[in-house]
Amino acid sequence: MKKLLAIILSSVFILWALPCMAAEAHGGEEEGKVDAKEIIFEHLGDRYGWEVPFCHDKSIPLPIILWGHDGLHCFMSSNVEHGRTYVDGDATFRVAGADSEHKGKIVEIIDGKEYRPWDISITKNVLGLFIAVVLVIWSILDVARWHKRNGYKAPRKFTGAIETLITFVYDGVIRPTLKDRAMKFTPYLLTVFFFILYMNLLGLIVVFPGGANLTGNIAVTLVLSVFTFLLTNVIGTKHYWKEIFWPDVPLWLKFPLPIMPVIEIFGALTKPAALTVRLFANMLGGHMIILVLTLLIFIFAAMGPAVAGGMTVISVGFSVFMLLIDVLVSFIQAYVFTMLSTIFISFGQERGHDEGHDSGGRHHDKPVAESEGHHVATV
């Protein structure tokens, strides 16, 4: 069933991408070339409207919220589509063109010059984030409601799949790594896992509410990494901070030149950078490969119908294959981000020999109670 669903989604993507890209490439073909770079980054980037499949010139309008020189302005993105200028009172707005330093962004025209207002618009990526949040809350509460009604009876179908993922991540990563402090950080780590998973999968679905390239946006992955960084360091133990500023190394490595403290601080700062780039690069790379494979059809179209026909078959086949791989990668990247976040948080929870027991008297190596482990889904 899952394989059939993946193939259907892949076919929908190809059917959508071909006419959309054909419309975008039409102008380039008249000049004998296709601007592949422009088409790829337009598809991967954010925008003020949500494009409609099979009709790329139209889009679902989204609210634009700006703070200009004379106050707050709210209007729909349809007012500034296709190079149109929108006048709201004494203010004039438009989307900056390709020759502007604010390309693709809403600008305010004052005395013939472009100025960037304070922009808090609900763009495609912002709405995609809201949709992912709603899906996470709905799926987790669905598991909680099941166990509230049916006790410890195992759920089936979608609810059972969600609980299986919860158990897999908790029993396989969180509890073995954090031990008795697992339950303290489980809500955050499971939320991160499902949030990234839903964003990855929504990015592979090209029809609304999917299609937003969320994890391929470095701002999104950076914010998630910063949350892990803050959680690691703000709740870090005294032993963790001691190992950063005064590690257990020979004195000449700490004083008078703080060689090891500088290395430790640098290492703490590179952890969120590694989380950010790993997720961003993997998801962006997968989307770019599919788009490039699809664009090969139009690039080779100038070589004649025989070459174009053969390239179409090859391109579509490889695109479907890469989409199936991306489904797997979506799960893997969500798991890897959660696993690394768990490891980094465990570094911040290290305790010295004099902190071997917590306030409840349990040793930090003692596993969490079985009643907590098997039914974490109801928390």
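**Considering the packing of aromatic side chains**
No. 1: In the structure shown here, the tally under the stated rule is nine aromatic pairs.
No. 2: Grouped by ring-pair contacts, the aromatic residues Phe75, Tyr86 and Phe93 constitute a single cluster.
No. 3: Positioned above the aromatic ring of Trp50 is the side chain of Lys124, whose terminal nitrogen or guanidinium carbon lies 5.7 Å from the ring centre.

**Quick notes on the packing of helix H5 (residues 182-204) against helix H6 (residues 218-234)**
No. 1: Orientation of H5 relative to H6, taken along the N-to-C sense of each, is 170°, at an axis distance of 12 Å. What the angle tells us is that H5 and H6 run roughly antiparallel. Mapping the contact onto sequence places Phe185, Tyr188, Phe195, Ile196 and Met199 in H5 and Val220, Leu224, Phe227, Thr228 and Leu231 in H6.

**Here's the deal with the pairing of strand S7 (residues 106-110)**
No. 1: Pairing between strand S6 (residues 91-95) and S7: three bridges, direction antiparallel. Bridge assignment links Arg94 to a residue of S7, and that residue is Val107.
No. 2: Two elements, S7 and strand S8 (residues 113-115), share three bridges in a ladder whose sense is antiparallel. Among the inter-strand pairings, Glu108 is bridged to a residue of S8, identified as Tyr115.

**Structural notes on the pairing of strand S4 (residues 71-76)**
No. 1: Sheet topology places strand S3 (residues 63-68) next to S4; six bridges connect them, and they run antiparallel. Paired with Gly68 across the bridge in S4 is Gly71.

**Thoughts on the pattern of salt bridges**
No. 1: Scanning all chains against the criterion turns up eight salt bridges.
No. 2: Here Glu243 makes a salt bridge to Lys242, at a shortest N to O gap of 3.6 Å.
No. 3: A network of salt bridges, in which partner residues are shared, links Arg47, Glu51 and Lys124.

**Digging into the confidence of the model for the protein chain**
No. 1: In this model, the protein chain carries a mean pLDDT of 82, and residues with pLDDT of at least 70 account for 82%.
No. 2: Scored below 50 in pLDDT, residues 21-32 shows 17 contacts in the model against residues more than four places distant or in partner chains.
No. 3: pLDDT under 50 marks residues 357-379. Its contacts with residues more than four places away, or in other chains, come to 36 contacts.

**Re H5**
No. 1: Compared with an ideal rise of 1.5 Å per residue, which puts 23 residues at 33 Å, H5 spans 32 Å between its outermost C-alpha atoms and is within 8% of the ideal.
No. 2: Considering bend angle alone, the principal kink of H5 is centred on Tyr188 and spans about 25°.
No. 3: The buried fraction of H5 is high, at 18 of 23 residues.

**Looking at the nonpolar core**
Soluble globular proteins tend to bury their nonpolar side chains together.
No. 1: Of all hydrophobic cores here, the largest spans 44 residues; its most connected members are Ile174, Phe194, Ile196 and Met199.
No. 2: Of all elements in the fold, only helix H3 (124-150), helix H4 (157-178), H5, H6, helix H8 (259-299) and helix H9 (305-348) reach the threshold of two or more residues within this core.
No. 3: It is H5 that contributes the most residues to this core, 14 residues altogether.
No. 4: With near-sequence residues (within four places) excluded, Ile196 lies in contact with Thr215, Leu224, Leu279, Ala334 and Phe337.
No. 5: Among the nonpolar cores identified, the runner-up in size contains nine residues, and Ile39, Leu284, Leu291 and Phe298 belong to it.

**Digging into the packing of H4 against H9**
No. 1: Here H4 crosses H9 at 25°, and the two axes come no closer than 9 Å. Here H4 lies roughly parallel to H9, going by the angle between them. The two elements H4 and H9 cross, and the hand of that crossing is right-handed. Residue-level contacts link Leu165, Phe168, Val169, Val173, Ile174, Thr177 and Leu178 of H4 to Phe331, Tyr335, Thr338, Met339, Thr342, Ile343, Ile345 and Ser346 of H9.
No. 2: Residues of the contact of H4 with H9, tallied by class, amount to 11 nonpolar, four polar and no charged.

**Description of H6**
No. 1: If you check H6, its first and last C-alpha atoms are 24 Å apart, about what 17 residues at 1.5 Å a residue would give, namely 24 Å.
No. 2: Taken residue by residue, H6 has Val220, Thr221, Leu224, Ser225, Thr228, Leu231, Thr232 and Asn233 as its buried positions.
No. 3: In this fold, the buried residues of H6 make contact with H3, H5, helix H7 (238-245), H8 and H9.
No. 4: Backbone nitrogen of Ala219 and a side-chain oxygen of the N-cap are separated by 2.9 Å at the start of H6; the cap is Asn217.

**Side note on the sheet that holds S6**
No. 1: Here four strands make up an open sheet; going across it, the order is S5-S6-S7-S8 and the pairing antiparallel. At either end of the open sheet lies a strand with only one pairing partner, and these are strand S5 (86-88) and S8. The sheet shows a mean angle of 40° between the axes of neighbouring strands, taken without regard to direction.

**Concerning the environment of Phe245**
No. 1: Within the secondary structure, Phe245 sits in helix H7.
No. 2: Overall, Phe245 belongs to the partly exposed group, its relative accessible area being 46%.
No. 3: When the C-alpha atoms of Phe245 and Val262 are compared, they prove to be 8.1 Å apart, with 17 residues separating the residues in sequence.
No. 4: Ignoring any residue separated from it by four or fewer positions in sequence, one finds Phe245 in contact with Pro261 and Ile265.

What counts, and where the lines are drawn
- Residues numbered from 1 in each chain as written.
- Predicted model: local features only at pLDDT ≥ 70, side-chain atom pairs only at ≥ 80, totals over all residues.
- Heavy atoms only, no water.
- Phe/Tyr/Trp six-rings, centres within 6.5 Å; stacked < 30°, edge-to-face > 60°.
- Lys NZ or Arg CZ within 6 Å of the ring centre and 35° of its normal.
- Axes fitted to C-alpha atoms, helices over the stretch in contact; angles between N-to-C directions.
- Helix = DSSP H or I, 4+ residues; strand = E, 2+ residues; numbered from the N terminus.
- Parallel < 35°, antiparallel > 145°, perpendicular 65-115°, else oblique.
- Contact = heavy atoms within 4.5 Å.
- Pairing = 2+ DSSP bridges.
- Salt bridge = Lys/Arg side-chain N within 4 Å of Asp/Glu carboxyl O.
- pLDDT = per-residue confidence, 0-100.
- Expected span 1.5 Å × (residues − 1).
- Bend = angle between axes of the 7 residues up to and from the residue.
- Buried < 20%, exposed > 50% of the residue type's maximum accessible area, 1.4 Å probe, protein only.
- Core = buried A, V, L, I, M, F, W, Y, C linked by side-chain atoms within 4.5 Å.
- Left-handed = near helix turned anticlockwise from the far one by under 90°.
- Nonpolar A, V, L, I, M, F, W, Y, C, P; charged D, E, K, R; others polar.
- Polar contact = N/O pair within 3.5 Å; in protein donor to acceptor, adjacent residues only side chain to side chain.

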